[in-house]
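These are the residues of each chain, in order.
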Amino acid sequence: MGEVGSHPAYLWGREQFERLVRGDAMAGLVEDTVAMERDMMDALWEAAAEGSGEAYRLIGDCYFALVRPIGAFEGVAPLDAVGRPWSEEASAIADDNPAVEATLRAYGEAVRLGERGALKPFAFLARFSTETVQRRVLAAIDALADPIAGELYLRGLLLHWLGDAEASFEAHRRAAEAGDPDAKFELSLCYGQGLGVPPDPEQARLWLGRAAAANHPRALYNLGAAHASAAPPDFARAADCYERAAEAGHGQAAATLAVMILTGELTGTVEEARARLDQADALGFSPEPLLTALGVPDPRG
């Protein structure tokens, strides 16, 4: 999966990472998992020490998998990060959670070396860290000569987390006009809630529709909810939005489709409702609280 010119040690380490993610160790296809992980990290660090930004990004993934598993891979303990050759800039990054700290340092090193793909995980993880870390990510984005739409969207999020609503809105506006679906959805929230801009329901509906047209999962779900709660409700249009949202990975949309079938708002079979509930579970959304709140028995027993 490495690009032409990738460091050989990175490519080898990436291969071992992919084996761990797909579950080779759990399937008994790895003789010594501990040794494999140690050798993988040593190879990645060899590439990182020679300036490989993509190696640093994968190192960050390895530490972060301890917080949130990636496939079957449950991560490398942050003790591995102790004594590694961090730059002075990375060493200044601190967090109360050792795994998060190691991950942030690795992503920061990747960005420093020009691995722009590490900006997104760096930014999203910074949300749960300190203001200092958030400002460090913001500075990295501001240093880009030609930020793309997705990077402008990240800038908008960071400014929002830092409490600068007006600057956040402007960043999201630029990103949305450049075509970023996430930024289009954020603009609908900004206009709807008056975040950094006077409330404007018409603009909120406009940008929600544009985000939904770009198959943004949350936008599709919200648009479906709007159709379902209209007077009179339009369940057919709501179901269409929920179906598209579910296919785009929105678990609550899948569960809502099941409820609509079970309550008669949408034509379908019990088997189809069960399939939608299973889909919701697979997407990480437990439908049980929703079913309980509505007094709808789970057809799966």
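The coordinates are above.
Residues numbered from 1 in each chain as written. Predicted model: local features only at pLDDT ≥ 70, side-chain atom pairs only at ≥ 80, totals over all residues. Heavy atoms only, no water.

Novice: Kindly report on the nonpolar core, identifying the contributing residues and their values.
Specialist: Counting 62 residues, the largest nonpolar core has Met-40, Met-41, Ile-59 and Tyr-63 as its most contacted members. No other element matches the eight residues that helix 2 (residues 33-49) contributes to this core. Residues contacting Ile-59, with those up to four places away along its chain left out, are Met-41, Leu-44, Trp-45, Ala-48 and Ala-106. Counting 26 residues, the second-largest nonpolar core is a separate cluster that includes Phe-185, Ala-253, Val-259 and Val-296. (Core = buried A, V, L, I, M, F, W, Y, C linked by side-chain atoms within 4.5 Å. Buried < 20%, exposed > 50% of the residue type's maximum accessible area, 1.4 Å probe, protein only. Helix = DSSP H or I, 4+ residues; strand = E, 2+ residues; numbered from the N terminus. Contact = heavy atoms within 4.5 Å.)

Novice: How would you explain the side chain of Gln-134 if you had to name every residue and give the values?
Specialist: Tracing the backbone through its elements, the reader meets Gln-134 in helix 7 (residues 131-142). You can call Gln-134 buried: its relative accessible area is 7%. Here Gln-134 is in contact with Ala-126, Arg-127, Ser-129, Leu-158, Trp-161 and Leu-162, once residues within four sequence places are set aside.

Novice: Which residues make up the packing of helix 10 (residues 181-193) against helix 12 (residues 217-228), and what values go with them?
Specialist: As a packed pair, helix 10 and helix 12 sit with axes 8 Å apart at the nearest point and diverge in direction by 45 degrees. Between helix 10 and helix 12, the interaxial angle falls into the category oblique. For the pair helix 10 and helix 12, the contacting residues are Phe-185, Glu-186 and Leu-189 in the first and Arg-218, Ala-219 and Asn-222 in the second. Looking at the contact of helix 10 with helix 12 residue by residue, the classes come out as three nonpolar, one polar and two charged. (Axes fitted to C-alpha atoms, helices over the stretch in contact; angles between N-to-C directions. Parallel < 35°, antiparallel > 145°, perpendicular 65-115°, else oblique. Nonpolar A, V, L, I, M, F, W, Y, C, P; charged D, E, K, R; others polar.)

Novice: Give a detailed account of the side chain of Arg-105, specifying residues and quantitative values.
Specialist: In this fold, Arg-105 is placed in helix 5 (residues 98-112). Relative accessible area serves as the criterion here: at 16%, Arg-105 is assigned to the buried category.

Novice: Describe the packing of aromatic side chains, naming the residues involved and giving the relevant values.
Specialist: By the definition in use, this model includes six aromatic pairs. Both rings, one in Trp-45 and one in Trp-86, keep their centres 4.9 Å apart while their planes meet at 90 degrees; by these two values the pair is edge-to-face. Taken together, the positions of Trp-45 in helix 2 and Trp-86 in the loop between helix 3 (53-64) and helix 4 (88-91) put the pair 41 residues apart, joining distant regions of the chain. One aromatic cluster is present, built from ring pairs that chain together Trp-45, Tyr-56 and Trp-86. Positioned over the ring face of Trp-207 is Arg-210, at 4.5 Å from the centre of the ring. (Phe/Tyr/Trp six-rings, centres within 6.5 Å; stacked < 30°, edge-to-face > 60°. Lys NZ or Arg CZ within 6 Å of the ring centre and 35° of its normal.)

Novice: Lay out helix 3 with the relevant residues and their values.
Specialist: The end-to-end C-alpha distance of helix 3 is 17 Å, a good match for the 16 Å that twelve residues give at a rise of 1.5 Å each. Among the twelve residues in helix 3, eleven count as buried, and that is most of the element. On its buried side, helix 3 packs onto helix 1 (8-22), helix 2, helix 5 and helix 6 (119-126). (Expected span 1.5 Å × (residues − 1).)

Novice: For the pattern of salt bridges, give the residues involved together with the corresponding values.
Specialist: Pairing between side chains of opposite charge can happen when the charged atoms of each approach one another. All told, the structure shown has 23 salt bridges when counted by the stated rule. In this structure, Glu-89 and Arg-136 form a salt bridge, with 3.7 Å as the shortest nitrogen-oxygen distance. Here Glu-89, found in helix 4, pairs with Arg-136, found in helix 7; they are 47 residues apart in sequence, far enough to count as distant. Linking Glu-101 and Arg-105 is a salt bridge whose minimum nitrogen-to-oxygen distance equals 3.6 Å. Within this pair, Glu-101 and its partner Arg-105 are both found in helix 5, separated by four residues, close to a single helical turn. There is no split in this pair, since Glu-101 and Arg-105 are both buried. (Salt bridge = Lys/Arg side-chain N within 4 Å of Asp/Glu carboxyl O.)

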